[in-house]
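# Topology and contacts: notes
Read off the chains here:
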Amino acid sequence: MSGDTVVVPEVLDSARGTAPDGATPSMPAAGEPRGEAPPLGGTMSDRALATVRALGWHVFPIRQVLDLTGSPRCDCSDPQCPTVAKHPRVLWSQEATNDAGRVKRLWERFPNDGIGVATGAKSGIWVLDVDPRADGDESLAALEKEHGALPPTITVRTGSGGL
């Protein structure tokens, strides 16, 4: 990937925030800068709140991995879950929020769940998944060759080595 991309490993695996409990962050207008990615640390609730406070994104809990020592499995009811810890625990289209009080209540119910982000109009962001296993890196290079480099952006390295 070319351009001034900022690579942030696990941008959502982070915690920061000094706003009083229950405070609702203000959302920047479309196209306005949203701040810096929050630093790593804290509980999952802290991390979800920090994401909301720092970036204004709408978040929701995602399922978790139950067994990290042997064969990882999802905490959903499907013993053969094909998307272990990669799917929402709640109906994200209705539950995703950037209200700090609601975020706290969600992670009180599901304290160890990961953090999902509602993309599109809800959070004012979109995601480009560059999966090298599916020639995504080659597709991105061709896209940038034809249309120019992507603008500077927050980038997350995935478990598969993609962006």
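Preceding this section is the structure that the text describes.
A quick note: this is a predicted structure, and the numbers were derived from the prediction, not measured.

## Brief notes about the pattern of salt bridges
- In total, this model carries four salt bridges according to the counting rule given.
- Here aspartate 75 and arginine 89 are joined by a salt bridge, their closest N and O atoms 2.2 Å apart. In this pair, aspartate 75 is assigned in the loop between strand E2 (59-62) and helix H2 (92-95) and arginine 89 in the loop between E2 and H2, connecting sequence segments 14 residues apart.
- A salt bridge links arginine 89 to aspartate 113; the shortest N-O distance between them is 2.4 Å. A residue pair is termed long-range when its members are at least 10 positions apart, and arginine 89 in the loop between E2 and H2 and aspartate 113 in the loop between helix H3 (100-109) and strand E3 (114-117) qualify at 24 residues.
- In this structure aspartate 113 comes out as buried when scored by relative accessible area, which is 0%.
- One connected set of salt bridges, linked through shared partners, spans Arg63, Asp75, Arg89 and Asp113.

## A few points about the side chain of glutamate 144
- With respect to the secondary-structure elements, glutamate 144 resides in helix H4 (residues 136-147).
- For the buried glutamate 144, no salt bridge is present, and the opposite-charge side chain at shortest range is lysine 145, 12 Å distant.
- Here the side chain of glutamate 144 touches leucine 150 through a polar contact of 3.1 Å, landing on its backbone nitrogen.

Definitions and cut-offs
Residues numbered from 1 in each chain as written. Predicted model: local features only at pLDDT ≥ 70, side-chain atom pairs only at ≥ 80, totals over all residues. Heavy atoms only, no water. Salt bridge = Lys/Arg side-chain N within 4 Å of Asp/Glu carboxyl O. Helix = DSSP H or I, 4+ residues; strand = E, 2+ residues; numbered from the N terminus. Buried < 20%, exposed > 50% of the residue type's maximum accessible area, 1.4 Å probe, protein only. Lys, Arg positive; Asp, Glu negative; His and termini not counted. Polar contact = N/O pair within 3.5 Å; in protein donor to acceptor, adjacent residues only side chain to side chain.

Function-wise, these values are silent; they only describe arrangement.
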